[in-house]
Amino acid sequence: MRHLNFPTKKLSLRTMSDKKVRVRFAPSPTGGLHLGGVRTALFNYLFAKKNKGDFILRVEDTDQNRYVEGAEAYIIDCLNWCGIIPDESPVTPGQYAPYRQSERKSIYREYAERLVMQGHAYYAFDTAEELDKNRKEIPNFQYGQVYRDGLRNSLSLPQHEVDQLLADHTPHVIRIKIPADQTVSFTDMIRGRVSFETNQVDDKVLLKADGMPTYHLAVVVDDYLMKISHAFRGEEWLPSAPVHLLLWDYLGWKANMPQWAHLPLILKPDGHGKLSKRDGARLGFPVYAMNWFDAKTGELTPGFRELGFLPEAFVNLLATLGWNDGSDREIFNIDELADKFSIERISKAGAKFDFEKAKWFNAEWIKKVKGERLKVEVRKVLADKGVIIKDDAYLLTVIELIKDRCTLLPDFYQQSAYFFQTPAEYDLNAVKPKWTDEKTDFFNSLAVMLNSVETLVAADLETSFKALAEEKGLKTGDVMLPFRIMLVGGKFGPHVFDIAALLGKDETINRVEKALVAFK
RNA sequence: GGCCCGUUCGUCUAGGGGUUAGGACGUUAGAUUUUCAUUCUAGAAACAGGGGUUCGAUUCCCCUACGGGCUACCA
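Please read all numbers here as calculations on a predicted model, not as lab measurements. (Residues numbered from 1 in each chain as written. Chains lettered and ligands numbered in written order. Predicted model: local features only at pLDDT ≥ 70, side-chain atom pairs only at ≥ 80, totals over all residues. Heavy atoms only, no water.)

Caption draft 1: Expanded view of the overall build of chain A. Looking only at helices and strands, one finds 21 helices and 14 strands in chain A. Rg of the C-alpha trace for chain A: 32 Å, well past the compact-globule value of 24 Å for 520 residues, more than 25% over. The dimensions of chain A, computed from C-alpha atoms along their principal axes, are 110 × 50 × 40 Å. When burial is assessed residue by residue, chain A has 52% of its 520 residues classed as buried. Considering only residue pairs separated by 6 or more positions, chain A has 73% of its internal contacts joining residues 24 or more positions apart. Distance between charge centres in chain A, computed from 70 positive and 72 negative side chains, equals 3 Å. (Helix = DSSP H or I, 4+ residues; strand = E, 2+ residues; numbered from the N terminus. Rg over C-alpha atoms; globule rule 2.2 N^0.38 Å. Buried < 20%, exposed > 50% of the residue type's maximum accessible area, 1.4 Å probe, protein only. Contact = heavy atoms within 4.5 Å. Lys, Arg positive; Asp, Glu negative; His and termini not counted. Charge placed at Lys NZ, Arg CZ, Asp CG, Glu CD.)

Take a look at the structure:
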């Protein structure tokens, strides 16, 4: 048995130092961008920034059938929103353009043919139906060394027949010829030594009948051509690593092969399997970064952004899902993450996604950022609800006053609308049962008193409010809540005297008088 | 089924041959807030099981179990 060993970590660390760090995020434009996808992009980006390298966005659109219009633009928007900006991409090409695999189509055949010439690949003429039949009838069927001789390919067919088939433009694919009895092993940056027996690996298609490469060929060719130094991808790719390793070897590029890092998967919160779009709908939280609208089905899949997440929080929660800096710290901005990032601290096991913790991150970030930072978002939230904001400085004061009580951006509506408009409804259950004529009298007097002051100052108002209550023989506590309901409409919000001061004298009096009518 | 990867509180995780196994989310109780939220304090809560190795294993090794991934002319 032959052993095909790829550089150990130690060995390749040496090559790493003299090789510029270049990493790529390579999504396929088949729909919205999933949590796991954004995290893969993020880890790539953080690693690149940490090592003063380049972060490349490469679009893997080799599957014509699954291609979705608008998905690429959506992916770029997502990355922009998160602050994960590529150094090279289809829209900001560098010297390795083009960055869409569909536009690189002509490149791949040459390499596939080269492999055929060298005996590492072969033409296969089997139809999909024939293969389906085999898979159904033969247990554990694989297109590989055991069965390939009985199938229709350039290894099993006589040369003249192969020539004829090719001359006739018979639809065919090119498959890699996986060698027998070898052990392929390599060092994954996250998992350490990983090995595979080639007898278990099947002859994957490299070039499809339509002339497009499969992922397996394209990823190797492009990573080589684009001088990728470190390749991060989801753990679901681990089983196909031996195919890629063999290709790097056969193409003669072994010395340039990137170091691999297979990221742990993000799993469903409640049970089994990878997190998917369906789980979001089922469990009531988003799995996409931003809203995704499928023009074909008319289906809208909700995103974190539209639900009211700050990109700072989204990035933060993704980074700490499967990574930590070794301390108890959990809150980091993207620059701090880039500074602290290290592959050694990525965990090996998949992580179940916890939406409660995700919301906590957002609440922390809303508390952390300055009101100024939130202005645009809050303005939009309020505008969507028809709230008109005239005074910018007033808005800022309101935001600062209430942001500690908001978890998601839309919470700003319920927490702040009463600063901009008189309550339309009152929590009457909280006041009516205990309402008395004495209280009516108190608030009438309060209105008179308010009228006599120049401007409302929270502390002064509190003092005179309490004094008036005492004078009227009422407990402060008995009139505090009604006063709040008058101004706010409900049992929530900051200190009631702060609210009154912000609202101003006239509006406070106005609300007291209006509420008095409703409370009777 | 085959192959590969993984396994510390419910969840995300720290730790690592001798620890009261630490933190965070959530949860429970209390304090503060004459509202609600914030904040603060305290509590419950974990090393999958079995064999080794060792004076000693949650930590190292093996097996089992369980979980996950892959097994397409999809990525």
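And the narrative resumes.
Caption draft 2: Up close: the protein's contact with RNA strand B. What surrounds RNA strand B is a group of 59 residues, the closest being R191, H272, E330, R405 and T476. Of everything in RNA strand B that lies within 4 Å of the protein, sugar and phosphate atoms constitute 71%. Contacts to RNA strand B include A209, whose backbone N or O atom sits 2.7 Å from a base oxygen. Within the backbone of G273, a nitrogen or oxygen atom sits 3.4 Å from a phosphate oxygen of RNA strand B. (Near = heavy atom within 4 Å. Polar contact = N/O pair within 3.5 Å; in protein donor to acceptor, adjacent residues only side chain to side chain.)

Caption draft 3: View of the packing of aromatic side chains. The final tally for this structure, using the stated rule, is 34 aromatic pairs. On the basis of an interplanar angle of 35 degrees and a centroid distance of 4.8 Å, the ring pair of F304 and F314 is categorised as tilted. Taken as a pair, F304 in helix α10 (residues 304-307) and F314 in helix α11 (residues 311-319) lie far apart in primary sequence, ten residues in all. Accessibility classification places F304 together with F314 in one group, the buried group. With a centroid separation of 6.0 Å and 15 degrees between ring planes, the pair formed by W435 and F443 is classed as stacked. An aromatic cluster is defined as three or more aromatic residues linked by ring pairs; in this entry it consists of Y426, W435, F442, F443, F465, F483, F497 and F519. Across the ring face of W365, the terminal group of K368 is positioned such that the distance to the ring centre comes to 5.4 Å. The residue whose ring lies beneath K385 is Y413, and the NZ or CZ to ring-centre distance is 4.9 Å. (Phe/Tyr/Trp six-rings, centres within 6.5 Å; stacked < 30°, edge-to-face > 60°. Lys NZ or Arg CZ within 6 Å of the ring centre and 35° of its normal.)

Caption draft 4: Up close: the sheet that holds strand β4 (residues 121-124). On the basis of which strands lie adjacent, the open sheet formed by three strands has the order β4-β5-β8 and antiparallel pairing. Both edges of this open sheet fall to β4 and β8 (205-207), since each of them pairs with a single strand only. Shown here is a sheet whose adjacent strand axes are inclined to one another by a mean of 45 degrees, direction ignored. Across four bridges, β4 lies against strand β5 (residues 173-176) in antiparallel orientation. Bridging from a neighbouring strand, Y122 pairs with R175 of β5. (Pairing = 2+ DSSP bridges. Axes fitted to C-alpha atoms, helices over the stretch in contact; angles between N-to-C directions.)

Caption draft 5: Structural context of the packing of helix α4 (residues 105-117) against helix α7 (residues 215-225). Direction vectors running N to C along α4 and α7 enclose 105 degrees, while the axes themselves pass 10 Å from each other. By the criterion of interaxial angle, the relationship of α4 to α7 is roughly perpendicular. Residues I107, Y108, Y111 and A112 of α4 pack against L217, A218, V221, D222 and L225 of α7. Along the lines of polarity and charge, the residues of the contact of α4 with α7 split into eight nonpolar, no polar and one charged. (Parallel < 35°, antiparallel > 145°, perpendicular 65-115°, else oblique. Nonpolar A, V, L, I, M, F, W, Y, C, P; charged D, E, K, R; others polar.)

Caption draft 6: Spotlight on the side chain of S185. Along the chain, S185 falls in strand β6 (residues 182-188). Judged by relative accessible area, S185 falls into the buried class, the value being 6%. Looking at S185, its side chain comes within polar contact range of the side chain of R193, at 3.3 Å. In this view, S185 contacts L4, N5, F6, R193, V194 and S195; residues no more than four positions away in its chain are not counted.

Caption draft 7: Geometry of the nonpolar core. Counting 115 residues, the largest nonpolar core has F314, F353, F443 and F483 as the members making the most contacts within it. When residues of this core are assigned to their parent elements, the largest contribution, nine residues, is made by helix α2 (residues 35-50). Contacts of F314, omitting those with residues within four sequence positions, involve L35, V38, W81, C82, A289 and F304. Of all hydrophobic cores here, the second largest spans 42 residues; its members include L4, Y108, V243 and L247. (Core = buried A, V, L, I, M, F, W, Y, C linked by side-chain atoms within 4.5 Å.)

Caption draft 8: Structural detail: the confidence of the model for chain A. Here chain A averages 94 in pLDDT, while 97% of its residues score no lower than 70. This stretch, residues 9-16, has a pLDDT under 50; its non-local contacts, to residues over four places away or in other chains, come to six contacts. Confidence metrics for the complex model read pTM 0.95 and ipTM 0.96. (pLDDT = per-residue confidence, 0-100.)

Caption draft 9: Representation of helix α18 (residues 458-471) in the model. For α18, which comprises 14 residues, the first-to-last C-alpha distance of 20 Å matches the rise-based estimate of 20 Å (1.5 Å per residue) to within 8%. Taken together, the buried positions of α18 are A458, L461, F465, L468 and A469. Along the axis of α18, the buried residues cluster in a sector spanning 100 degrees; they form a single face. Exposed side of α18, more than 90 degrees from the buried face: T463, E470 and E471 are the residues found there. Next to the buried residues of α18 lie α17 (437-452), α19 (476-488) and α20 (496-503). G473 sits one or two residues past α18 and shows a positive phi near 70 degrees. (Expected span 1.5 Å × (residues − 1). Arc of directions from axis to C-beta.)

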